[in-house]
Structures are given as C-alpha cells and as structure tokens.
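# Notes for the structure review
Listed here are the chains, written in short residue letters.
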Amino acid sequence: MSTQFSTALRNFRTQRGLSLRQFSQVVHYSPGWLSRIERGQAAPTLALARSCDDALTAGGKLLELARLETRSRLRPAQLPSAVAGFVGRTDALRELDDALADAERTGKALMVAIDGPPGAGKTALTIQWAQRAASRFTGGVLFTDLQGHSHQGRPADPMQVLEDFLAALGTETVPDELEARSALFRTVVADRHVLVVLDNAINSQQVKPLLVGSASCAVIVTSRRRLTGLGVIAGAQRLSLAPMGPQESIELLRGAVGAKRVDAEPDAARAVALRCAHLPLALRITAERLATHPRWPLSHVADELSGAGRLDALADRDDDNLAVRKVFDLSYETLDGDTARAFRLLGLYPGGRISAAAAAALTGHPLARTRDLLDRLVAVHLVEETGLDRYWMHDLLRDYAADRAAAHESDAERFTAVHRLTSWYTLSVDAANIALAPQREVPPLEPPPPESRH
Ligand SMILES: Nc1ncnc2c1ncn2[C@@H]1O[C@H](COP(=O)(O)OP(=O)(O)OP(=O)(O)O)[C@@H](O)[C@H]1O
Ligand SMILES: [Mg+2]
C-alpha cells in the first residue's frame, strides 16, 4: 500500500534519473529495503528519510512527510501491567466507568483526580481501570510516575515529562519554554483520543502543564494529597480512595493466601486485616509472610501484629503508620544477614527505581549475588520487580530501610556504600560519553573503589 512518502520518494528518485541500485549506493541502504519502502511495505525511519532527502535534494519535503506518517502511526502504550491478584474496588472502578461514559456522552474532557493515604491502592486502581479502558483510546495511553512522594528524591520535572510524552507521540524537537512545550503537547493530542495517566503527583502545579483539555482526551491523576487546585483549574472530578473495607481486605487475603486457610479462621483473618489498617500495601506484605509459612495459623500472625493494635487509641493517621511499621518489622526480621543489609543500603538510594547493576554498586556484591538478594526481597514484597533487572521500592519502605540503615550501619559503612554508587554512576556516564562522542575531551576519572568494578 503506497503512502504519500513512498510515492514522493519514488517520484524524486526517478526525476533524478537514479536506479534503485545507484540510489542505494548514495544513501547506504540496500536496494531491497529501499524498494520495500517505495512500495509502502516498510515504514521509513526519520534517519532514512533524512538521508534520502539530502541525496535527492528534496528540500525537507521527504523528511516532513516521514514525520507526519511517524506521528500518525505512533500509538503509545505506556501503561505498566495491572497488579497481579487485584481484588475489590468495584465502587471506585464503576465510578471511573461512569465518569468516562458521561464524558463521552456530553463531549467533555474526562479529568479525575484520585487521592488517598499512602499504600491505599491508588496506583493499582488506576492501572487496573486504565488497562480495561485502554482500547477505547485509539490514540494510545501515556503514563508517567511523577514521583511526588519521595522525601529525598526530586519530584519529576514537568519539562522532562512533556519532552518524554512528545517523543512518545513522535515529535522530535520541543521548545525550551515550559509554556510553549505544554501548548505543543496540547496541540499534538488535540485531535487524538489519548488517555494520560499522571501517577503520584505532588501538587496541582506539577500537574497543570501536563493537562489536556481536548474533549477527545482523558486525564487521570493520582496523589496522596487532595489536588483541590485541579478542580478549580480544570474542573477535575475528585475520587477519594480510603483503605479497603473489611470484606475487601479479607478478599485480598483469600486471593493471596488461599481461601481455605482464611475461611478456616475468620476471626483471626479479620484481626489481621484490622491490624494492617486495611491498607493493601500492608495486607500484601502480611499475606506474603503467610504464604511462605503454609503451616502457620492466621491467629499466630494476628498475635504478632497485635503490637499495632494497642495503638487504637491514637489518631487514625498515626495508627495507620504505626501499624504499617509493625508489618514491615515482621518481614524485615525474617531476612538473613546479607539480604537485610542489602535492604538497608537500598534505603540510602534517593530514587524509587534502581537497576540491578546500580544496586550491586551500592551493596558491593557482584551482580549475580545482588540479583539473588533482590529476588529475596521481591519474594517478601519489600521490593518490587518492574522489568528486567529493574526494581522499585515503595517510599514508605524506603524510609523504613533508611531508618534501619541509620540504626544498624556505621557512618563509614553508609558513606562507602554511597561512594561506591556515585562512582558507579560517574563511570557509567563516562563510558556512555566515550561511546557516544569519542572525540570529546574529558579529564580522566579516578579509578573506582574496587567493589564497584563489575
Ligand atoms: N485492589 C488491590 N488488590 C490487590 N492488591 C492491591 C490492591 N490495591 C493495591 N494493592 C497492592 O498494594 C500495594 C500498594 O498499592 P499502590 O502502590 O497502588 O498504593 P498507592 O495508593 O498508589 O500508594 P502511594 O501513596 O504510595 O502511591 C501494591 O503492592 C499493590 O500491588
Ligand atoms: Mg501510587
């Protein structure tokens, strides 16, 4: 099927009197490949379009056509996969379905801001819903973690997010000014049916430049805070997600631990749920402990967690935090020495996501050993695996790990670990620099500490 680009390419080439073979020698692509492109059987990359444009002196016309085609072909699909074993939240899912149906009926843009306490399941709910709704958005789904919760790490910069979104939509060059960049984003998505998911926002200011007002698009924002500003700026609907109800919590435990075991001890199951403050985050960690100890009665774990129950008299928020801490303690205490140390050192890393190689530098262990330690942490839900060799730690857990590190690692040990990590990053950047621009002159680096040479 010929396209505007393929037709223009053939016309320019024949006008210049070049055979495919002659043309191939000038642009350094095989004649077979060029022929497929001319017949519209393969899509041109922008690099190929640029070479052809130069070789045929097409004055930018070929490049422009390739750009247009690349853009219309691109359908970003950035959603992470849905949480395995997702349960409940039927009301919230229905509310989102209704909001979308309403928006479609009235021709207005859908914008929803979901707030709720840490670990309540805002991200899980959003991804679950977005996965189901994704097929309605023919222009694709954009997703970004705005990193608004990290205490040490920096929240995502809207400038960078816009650049990434625009790149995902096939726009190569972006303006340097925030307002212009934001306007370009709105223009690019204006006639597309795109779902934008802005996860873990810190405040309305961070989100504002990323909003799209066109009726064909939808935006879902999650945050621990109520983004009241968004209601004012953009008329966003608010959905507050509380911790789970008692029945949903039991459902979560049944899914993760096994229905038979949970149903055999209904009182203990209710006590476990209550002592996890009905927070999915705490429930999942506790369920994992139960799953790894198939012979433990639920009442045993309920007793273990009862330290948290004593705090019932305190205000809800503190109670939640303390309950969660107790849940973390119990999992942490089961770790063997090396795994516990790796967990503590991960708490020194300010970002949420880390590669296995960076974690190896932090721990000072070889890569294979570090992967093994990370796998152990993943198995008890203290760390999550987000992709090949990529890991993520919930910020409540990171704070907890940092706290353990402050208590159990000497100043020198912590300093050395961070030094190993920063050296590893510096060396990685240096290696990338040499690979990308070998001609660029940079002063030689000091040799790294021995443990970080993988
Ligand atoms: N409905 C659910 N069913 C099963 N597991 C869930 C559910 N909701 C959340 N979880 C699990 O609970 C944990 C915390 O959920 P999530 O990260 O979505 O919370 P959050 O509200 O986005 O937290 P934060 O405020 O830190 O962003 C995750 O491990 C997730 O897999
Ligand atoms: Mg979240």
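Predicted model only: the values in this text are computed from it and were never measured.

Rules and cut-offs
Counting starts from 1 at the beginning of each chain's written sequence and moves along it residue by residue. Lettering of chains starts at A and numbering of ligands starts at 1, both following the order in which they are written. Confidence filtering applies because this is a predicted model: local features only for residues at pLDDT of at least 70, side-chain atom pairs given and counted only at 80 or more, and all residues used for totals across whole chains, interfaces and linings. Excluded from the side-chain calculation are hydrogens and water; included are all heavy atoms of the structure. A helix here means a DSSP run of H or I that spans at least four residues, while a strand means a run of E at least two residues long, and both kinds are numbered starting from the N terminus. Expected span of a helix: the number of residues minus one, times 1.5 Å. The rule is simple: take the accessible area with a 1.4 Å probe, protein chains only, and divide by the maximum for that residue type; under 20% is buried, over 50% is exposed, in between is partly exposed. Pairs of residues are marked as contacts when any of their non-hydrogen atoms sit within 4.5 Å. Where each domain begins and ends is defined by an automated method or by a domain database. To qualify as a nonpolar core, a set must consist of buried Ala, Val, Leu, Ile, Met, Phe, Trp, Tyr and Cys residues joined through side-chain atoms within 4.5 Å.

### A closer look at helix α7 (residues 122-133)
The first and last C-alpha atoms of α7 sit 16 Å apart over 12 residues, in line with the 16 Å expected at 1.5 Å per residue. Most of α7 sits out of view: nine of its 12 residues are buried. Looking at α7, one finds that the buried residues are Lys 122, Ala 124, Leu 125, Thr 126, Ile 127, Gln 128, Trp 129, Ala 130 and Ala 133. Next to the buried residues of α7 lie α6 (90-106), β1 (110-115), β2 (140-145), β3 (194-201) and β4 (218-223).

### What to know about the domain arrangement of the protein
The domains assigned to the protein are domain 1 (4-73), domain 2 (90-240), domain 3 (246-333) and domain 4 (337-452). Each of domain 2 and domain 4 was reduced to a C-alpha centroid, and the two centroids are 31 Å apart.

### Brief notes about the nonpolar core
Counting 57 residues, the largest nonpolar core has Phe 328, Leu 335, Phe 343, Leu 346, Ile 354 and Leu 362 as the members making the most contacts within it. Counting residues per element, this core draws most heavily on helix α15 (residues 280-292), which supplies six residues. For this core, the domains that each give at least three residues are domain 3 (246-333) and domain 4 (337-452). Those residues within four positions of Leu 346 in sequence are excluded, and the remaining contacts are Ile 354, Ala 359, Leu 362, Leu 374, Leu 377, Val 383, Met 393 and Arg 398.

### Structural notes on the side chain of Glu 409
Residue placement: Glu 409 occurs in the loop between α22 (395-408) and α23 (411-436). Note on Glu 409: relative accessible area 8%, which makes it buried. Setting aside chain neighbours within four positions, we find Glu 409 in contact with Arg 341, Arg 344, Leu 345, Arg 404 and Arg 414.

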